[in-house]
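Report on the structure
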Amino acid sequence: PGMLYPRDSESRQIKHLDGMWNFRADKSSARNASFEEKWFTQPLHKTGPVIPMPVPSSFNDITQDKSLRDFVGWVWYDTEFYAPMDWITLKKRVVLRFDSAHYYSIVWLNSEHLMEHNGGHLPFEAEVNNLLNYGGVNRVTIAINNTLTPHTLPPGTIEYGADKGRYPPGFFKQILQFDFFNYAGIHRSVKLYTTPFTHYISDITIVTDVAGSNGIVKYTVIGDQSPMDCKVEVIDMDGFIVGRQNGSQGQITVTNANFWWPYTMTAEKPGYMYTLKVHAWDDFYRQPFGIRVVKVTDKQLLINNRPFYCHGVAKHEDSDIRGKGLDFALIAKDFNLLKWLGANCFRTSHYPYAEEIMDQADRQGIAVIDESPGVGIKTVANMNNVSLAHHLEVMGELVRRDKNRPSVIMWSVANEPASSRDEARPYFKAVIEHTRSLDNTRPVTYVNGGVGPTSDKVVEYVDVICLNHYYAWYSDCGYIDVIPYQLKSDLNDWNALHKKPVIITEYGADTVVGLHQEPSFIFTEEYQVDFMSQYHKVFDEFRKDFLVGEMVWNFADFMTDQQINRVVGNRKGVLTRQRQPKMSGHLLRERYQKLINGTNSG
Ligand code: E9O
């Protein structure tokens, strides 16, 4: 089955369950008293003291309790709702959907086990008809465990104090293999939605191509029954029907189509979206899509057969108080800032972002490298069969969720894995080939972190080479003069060995806003500007050749674990965590606005 985003229609209703839920962390020493005491069998407040917890939000930064901020283990949430009687009289199928919760989730409805989900950044849902109570109140309970192991994505380990006598009883640490805070909780919305009880649409796949000025729209609709009685219409942004077809599968030609373009490639109608209105039996669903095609040559990345130079940022879902929780104000602000900077692209470093963020990328004409949560795959255990099976499953969930999005121009299966290991070759060959088998319309990549072109064992399987470089930061720190030498020789080496286009997916320097020194010194705003300017010179030389993109690390400062090299988080943002520009933000804006003027004319 598919994972269509819940949308209301003539046949479908949505009931939002967001708001204040009850919350209780299981702080018992063995971390499992909640299961022994079966907290799911009664309202959470009857098991012990609960606190109000906002949904959606990370729980970590909400309270004044340090042990909750750093909590590792099971946390419990519950809330109550009523099911409208019309759902029975209208014979509705009812589905409970979590848009995401981090990391491992178990859900009960009215004390009965409903579903489990392994992984933090993708939606999960289940039909609830059998458990729903129409005579009175319903209670949904979720237990969420944020523990990361060698086989989760991202992976982590649990470490106990070596000399037990020198640590408090039961002491342990969650060790992360990546550089951002492991925020947890119900990060995105929770909804109930209805469809007809049987004979409903369960998935839609749309693949498009461009033929001269026409758009080719190939669609496949899947339902719970077959054969399917199905009619589709293509509707443009003014509401006009520009194509129609009968049958669950087919091809429609849209004459003189408005193609989907990044906003920097067209002054007119960027991010143009059509709607595929599907009417099957008595069910209606409207799937947004764009008409565009992505191709890769040995030197270029093409959108609608025209070269696309990606000038953008790597981001995070991260902000004050709510952590990784969905926030519409933040989404709107971030897209306004992307436009202010002149960015035409971002990478969802290092996990799939909320569907509401992806909607804006589609509609505002921002290209996206859609990354899996495969960040920090370093050890042999991270590459064993258990890990591989989960990684394949996650790629399946990601492609299923985002396959119809025109903004997604590439899949990234991982960030900075230990790609020189022998184990990396079969592991990533399998992950990349699996991803391509799920979607052969988009290039697939992984992001390389500091493994050179001769020792890397994964790059041969990708379409585009993505490189993270930190010359004059993690190496030769402070010596910005080395940047042109090292970056140039590195780019040339990659190109000599692998004839593929290259994107620099990260470069950046930690910068404490307001810290100034001239001549520049590391951590000052001057250093970040000098540092980035050195990279830009080289980018300008190579973008006429095989360099097809640059993305600064990072859009904004973001929270990390407590470490001696992180001053309340990673400070490589060109914006602060509160989204105000550093000097580097202005520098980047000046550069990107010029690039827009250059590429627009193309
Ligand atoms: C991943 C990102 O999540 N890349 C890191 C970023 C950082 O600021 C981190 O936040 O630390 C950089 C990793 C460095 C890889 C290059 C290694 C060079 C060795 C000399």
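Definitions and cut-offs
Residues numbered from 1 in each chain as written. Predicted model: local features only at pLDDT ≥ 70, side-chain atom pairs only at ≥ 80, totals over all residues. Heavy atoms only, no water. Buried < 20%, exposed > 50% of the residue type's maximum accessible area, 1.4 Å probe, protein only. Helix = DSSP H or I, 4+ residues; strand = E, 2+ residues; numbered from the N terminus. Pairing = 2+ DSSP bridges. Near = heavy atom within 4 Å. Polar contact = N/O pair within 3.5 Å; in protein donor to acceptor, adjacent residues only side chain to side chain. Nonpolar A, V, L, I, M, F, W, Y, C, P; charged D, E, K, R; others polar. Axes fitted to C-alpha atoms, helices over the stretch in contact; angles between N-to-C directions. Parallel < 35°, antiparallel > 145°, perpendicular 65-115°, else oblique. Left-handed = near helix turned anticlockwise from the far one by under 90°. Contact = heavy atoms within 4.5 Å. pLDDT = per-residue confidence, 0-100. Expected span 1.5 Å × (residues − 1).

With that settled, the discussion passes to the pairing of strand 4 (residues 74–81). With seven of eight residues buried, strand 4 lies mostly within the body of the structure. Bridge analysis of strand 2 (residues 19–25) against strand 4 gives four bridges, and the strand direction is antiparallel. Within strand 4, the residue paired with A25 across the bridge is V75. For strand 4 and strand 9 (residues 138–145), the ladder comprises eight bridges, and the chain directions are antiparallel.

On to the site of the ligand, then. Close to the ligand lie D179, H350, N415, E416, Y470, Y474, E506, W553, F558, R566, N570 and K572. One of the side-chain N or O atoms of R566 is found 3.1 Å from an oxygen atom in the ligand. Taking K572, its side chain carries an N or O atom lying 2.5 Å from an oxygen atom of the ligand. Considering only residue class, the shell around the ligand consists of four nonpolar, three polar and five charged.

Let us look at the packing of helix 6 (residues 385–402) against helix 7 (residues 424–438). Two elements in contact, helix 6 and helix 7, have axes separated by 10 Å at closest approach and are oriented at 25°. Between helix 6 and helix 7, the angle is such that the two are roughly parallel. Taken as a pair, helix 6 and helix 7 cross one another with a handedness that is right-handed. When helix 6 is examined against helix 7, the residues S387, L388, H391, L392, M395, G396 and V399 are found in contact with a partner set consisting of Y427, F428, A430, V431, H434, T435 and L438. Grouping the constituent residues of the contact of helix 6 with helix 7 by class yields nine nonpolar, five polar and no charged.

For the protein, the average pLDDT comes to 97, and 99% of its residues sit at 70 or higher. Interface confidence for the predicted complex, given as ipTM, is 0.96, next to a pTM of 0.98.

Okay, the sheet that holds strand 23 (residues 310–314) next. Within the closed barrel, the eight strands sit side by side as 23-24-25-26-27-28-29-30. Their pairing is parallel. On average, adjacent strands in this sheet sit at an angle of 25° to one another, irrespective of strand direction. As paired elements, strand 24 (residues 345–347) and strand 25 (residues 367–371) share three bridges and run parallel to each other. In the sheet register, C345 faces strand 25, and the bridge partner there is A367. Here helix 7 sits on the sheet and contacts strand 26 (408–415) and strand 27 (444–449); the angle it forms with strand 26, its principal contact strand, is near 160°.

This part is about helix 7. Over its 15 residues, helix 7 extends 21 Å from the first C-alpha to the last, a length consistent with the 21 Å expected when each residue adds 1.5 Å. In this structure, the buried residues of helix 7 make contact with helix 6, strand 26 and strand 27.

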